[in-house]
Structure formats: C-alpha cells, structure tokens
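Observations on the model geometry
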Amino acid sequence: MTVPLSQMIAVARYVLGKKLRGIERYPLVLMLEPLFRCNLACGGCGKIQFPASILRRELSPQDCFRAADECGAPIVSIPGGEPLLHFRIDEIVAGLVQRRRFVYLCTNGLKLEESLDKFRPSRFLAFSVHMDGPREEHDRAVCREGTFEIAVNAIRAARSRGFRVTTNSTLFVGVDPQRIRRFFDEMSELGVEGMMVSPGYRYEKAPDQQHFLARNQTRRLFRELLRNPSPRWRFNHTPLFLEFLRGNWELECTPWGNPTYNIFGWQRPCYLLDEGYCQSFQELMETTAWNKYGHSSGNPKCRDCMVHCGYEPSAVAATFGSFRGLLKSAWISLRGFEPLDEPHPLDHPLDHRLDSTRSRRASVHAGDLPPAPPAPAGRNAQRRAVSELVTIETGLPADDRSIADHLK
Ligand code: SF4
Ligand code: SF4
C-alpha cells in the first residue's frame, strides 16, 4: 500500500532537507501540462475547454526543463490534455529522467501501446493510466465506448515490456463501492504497481456538474472502499492521505505542494483553480495569498475539495514531519486500516439537511410529529424525493430496497 521504496527514500530525504533548512513551503510534485489538447472529451474534465488556438499550443522541451529546474520538485507529473499527443513528449520525458526526477506520464491509454517504442523502461518513469472504474463506469465517465478495453490492452503491453504502470481513477457520485473494489482486484491482476484514487474536483468548466462528491459523501464512499482491503491492492498514496479520505485523519490543503506549469506560466494557486499566472516559480510562491485557499479558509471553491494534488503533499509532510504521523503510517502499513463504522461528524450543509430529516424521523418514532414538509404529489414524486435523500445520505445511487426501507 505504498509508493516504490526508492521514490519514498528520495522524497523523505527531500522533505527532511527542507525541514532542516527551516523551509516551510516547498513543492513536492510539479504538475507539468505541456498541452491542453486531448483525444477524449470526458464529462468531468476541466482542462480541454480552451479555444482551438490555445489547444494547438505546446510547451517546448526546454520550457519543461526550465520549469523542472526552477521548481526542484523530486516528482514530475505530466497530465494534460493527453501528453502522448505532444510531438516531442519522448524528449521531455528523457530530459526529466536524466535529471533524476520521478516522472508520472498521465495518459488515457488510447495512444499508449503505439507510443511505447518512444520510451525506455526506467525506475524514474511510470505511465499513469486514467481508469475511472470498471468497463461500464469508465466508458461512461470518458464518454466513449471501448476505451476501457484499449487502456487495459495498453497496460498489458507496457507491463510486458518492463515499464512501470500505475492507474489514476477519479470517482463521482453514484459509483458502487463493491464494483470499484472488484476493479481494484482487476487492476492488481494486471500487475499495476499502484493505484491512485481521488474524488473528482468540481471544475466550474466541466460539462457535467451533477456528479461531483461532497466531502461527507467522499468519506462514506472511501470507508466502504477500504473496508477490509485486499492485501493485493497497492495504492500510490501515503496511508495518511487515504485515512484523510476516510475521515479518520485531519489534513489541511497544501496548495503550493503541487505547483502547475503550463503554456500560460505558473498557475495560481493550484492545479485545480485557475486564478491567474506568474512568470516565475519564485513569484508564484512569494506573491500568492495562500491563506485564501484550503478548506479552513472558507473559500467556497475549496469547500468539497479532497483531491490528492492539494492534500497528498500535506500527508507527506505529516508523515515525515511528525512522530505521530510516522507512527500512524507505519501502523497502517503493518496492520491495515481499522474498520470505521461510526458516522462522521457533520460538516456540510447537505448533512445538516439530512440531520433535520433524521430528527424528524426520530420524533415520528417518539410519537411527537413536528410540522412535516409538503407531501410529494404522488407515488413517483415520493420515490424521487426518497431516492435523492438516499443518495445524499450514502453517496450511492438509491436502489429499490433502500427506497423501500425509507418509505416504511
Ligand atoms: S482524458 Fe483527461 S484530459 Fe482528456 S478529456 Fe478526459 S479528463 Fe480531460
Ligand atoms: S483545497 Fe483544492 S481547490 Fe482549494 S487550493 Fe487546495 S487543492 Fe486547490
């Protein structure tokens, strides 16, 4: 349940070095977006909505190396767009590997198999293949039939040629935890080195705004997903980040931990929000009002965010920067996650709505009926209302049985 040892040692040395020098804010992963062009148009994507003139533009390899040198992060993640559409992606990867950066080339897998000849296997290079769950869920999330199959074949081909392969999955409202658990089994059988899994961020530009998870939904979902996890599952996350997703460890966002560089410059403040650009990494670090971001800032754009690019750096800092964090991580690595059955403290307006529904129910059972809301007009409307309530309550789609339970 961890990242490769060599990478862990490199990251630990880097973090401890920063701490010894008293540097409070430092980058961990450079998010390098060499282009925004893609060969898919996923419903939850917030990256591809630029005009054609922007989509045609690319960073040069020299731009990429300058950004990597300027920022100094030990890990470079290359998302996009689809990086394999970049004409010189092989040069970019080779140059970063030569700089001994751990490179994660994120791809939707459609062009991976045909592109393998451009790369050489290395412990510094991993392909991070976008897999949003089992076949049906994945093809629906990326809005194209057949993509799951292509990506799986590409993973097999890459593994057979000795490449490191990880997966990255974004989860949305309505996923079935049992199906995602079977998907984890399937990816483990394929020999992927680690799985990244994160709730989707509510991009304002994303065409589908209906399926992003609220915080309490994320926590419930991850409690189910990680209940008695299979020993074969390996996640490309720190144990503390997964505990955070389960609502069993508090973290605050570290927006400077994953700085983003793309054709516009250094994106302020993080990979997910787009609030202006700086021309140098130093300017980004020194002139961004960091206290305006993160959950506790009250910024509505950060309210539901639990995405790895904001919170994984916080988990790394907590792991290597505190005895308690290190102990907890070691405990989870040795003993696994403890099952969590307690409901999580309420922290979201939707939860408060739920809470009032629960107290109304409790009062009904006690024979003390508070004023009821207007009754739904008919059986179908009632079923729709209950179905919405079940989805809010569990983060999962309502089935006939759960609706029947609520209607009792
Ligand atoms: S594959 Fe990635 S970059 Fe391409 S449309 Fe989907 S989410 Fe966006
Ligand atoms: S909480 Fe999320 S959206 Fe807000 S700054 Fe952090 S990573 Fe960005």
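Parameters at a glance
- Residues numbered from 1 in each chain as written.
- Chains lettered and ligands numbered in written order.
- Predicted model: local features only at pLDDT ≥ 70, side-chain atom pairs only at ≥ 80, totals over all residues.
- Helix = DSSP H or I, 4+ residues; strand = E, 2+ residues; numbered from the N terminus.
- Buried ≥ 20, exposed ≤ 12 C-beta atoms within 10 Å, placed from the backbone.
- Contact = placed C-beta atoms within 7 Å.
- Near = placed C-beta within 6 Å.
- Nonpolar A, V, L, I, M, F, W, Y, C, P; charged D, E, K, R; others polar.
- Pairing = 2+ DSSP bridges.
- Axes fitted to C-alpha atoms, helices over the stretch in contact; angles between N-to-C directions.
- Parallel < 35°, antiparallel > 145°, perpendicular 65-115°, else oblique.
- Left-handed = near helix turned anticlockwise from the far one by under 90°.
- pLDDT = per-residue confidence, 0-100.
- Expected span 1.5 Å × (residues − 1).

Considerations on the overall build of the chain
Scanning the chain for helices and strands turns up 16 helices and nine strands. Split into buried and exposed, the 408 residues of the chain put 43% on the buried side. When contacts within the chain are restricted to residue pairs at least 6 apart in sequence, long-range pairs at least 24 apart make up 74% of them.

Comments concerning the site of ligand 1
Around ligand 1 lies a shell of 13 residues, among which Cys38, Leu40, Cys42, Cys45 and Asn108 are the nearest. Looking at the shell around ligand 1, its residues break down into seven nonpolar, four polar and two charged.

Here we look at the sheet that holds strand E3 (residues 102–107)
Reading across the sheet, the nine strands line up as E6-E5-E4-E3-E2-E1-E7-E8-E9 and stay open at both edges, with mixed pairing between neighbours. Two strands in the sheet have a free side with no partner beyond their single neighbour: strand E6 (194–199) and strand E9 (274–278). Within this sheet the neighbouring strands show an average axis-to-axis angle of 25°, counted without direction. Of the strand pairs in this sheet, strand E8 (residues 265–269) and E9 are connected by three bridges, and their pairing is antiparallel. In the sheet register, Gln267 faces E9, and the bridge partner there is Tyr277. In the packing of helix H4 (residues 89–98) onto the sheet, contacts are made with strand E2 (75–78), E3 and strand E4 (125–130), and the angle to E3 comes to roughly 155°.

So, the packing of helix H8 (residues 177–189) against helix H9 (residues 215–225)
Interaxial distance between H8 and H9 falls to 9 Å at its minimum, and their mutual angle equals 50°. The angle between H8 and H9 places the two elements in the oblique class. Seen along the crossing, H8 lies across H9 with a hand that is right-handed. Counting all contacts with H8, which are made through Pro177, Ile180 and Arg181, the residues of H9 involved are Leu221, Glu224 and Leu225. Taken together, the residues that form the contact of H8 with H9 break down as four nonpolar, no polar and two charged.

Things to note about the site of ligand 2
Among the 14 residues in the neighbourhood of ligand 2, the closest are listed as Cys253, Cys270, Cys302, Cys305 and Gly310. Residues that form the shell around ligand 2 fall into these classes: 11 nonpolar, two polar and one charged.

With respect to the confidence of the model for the chain
Predicted confidence across the chain gives a mean pLDDT of 84, with 81% of residues reaching 70 or more. Below a pLDDT of 50 lies the segment residues 345–379, which in the model reaches 23 contacts outside its immediate sequence neighbourhood of four places, other chains included. Considering only residues more than four positions removed or in separate chains, one finds that residues 385–397, a stretch of pLDDT under 50, has 28 contacts.

Quick notes on helix H1 (residues 5–20)
The terminal C-alpha atoms of H1, which comprises 16 residues, lie 22 Å apart, in line with the 22 Å expected from a rise of 1.5 Å per residue. Gly22 sits one or two residues past H1 and shows a positive phi near 70°.

What to know about unusual backbone geometry
One can expect most non-glycine residues to show negative phi and most peptide bonds to be in trans. Omega for the bond connecting Gly80 with Gly81 falls within 30 degrees of zero, at 5°, which places this linkage in the cis form. Within the secondary structure, Gly81 is located in the loop between E2 and H4. A cis amide bond, omega -5°, links Arg268 with the succeeding residue Pro269. Relative to the assigned elements, Pro269 resides in strand E8. Non-glycine residue Arg100 carries a positive phi angle of around 60°. Considering the arrangement of structural elements, one finds Arg100 in the loop between H4 and E3. Located in the positive-phi region is Asn228, a residue other than glycine, with phi close to 45°. Locating Asn228 in the fold gives a position in the loop between H9 and helix H10 (239–245).

Overview of the packing of H1 against helix H12 (residues 308–321)
At a closest axis distance of 10 Å, the pairing of H1 and H12 adopts a crossing angle of 75°. In terms of orientation, H1 lies roughly perpendicular with respect to H12. The segment H1 lies against H12, with Val11, Ala12, Val15, Leu16 and Lys19 engaging Val316, Ala317, Phe320 and Gly321. Tallied by class, residues from the contact of H1 with H12 come to seven nonpolar, one polar and one charged.

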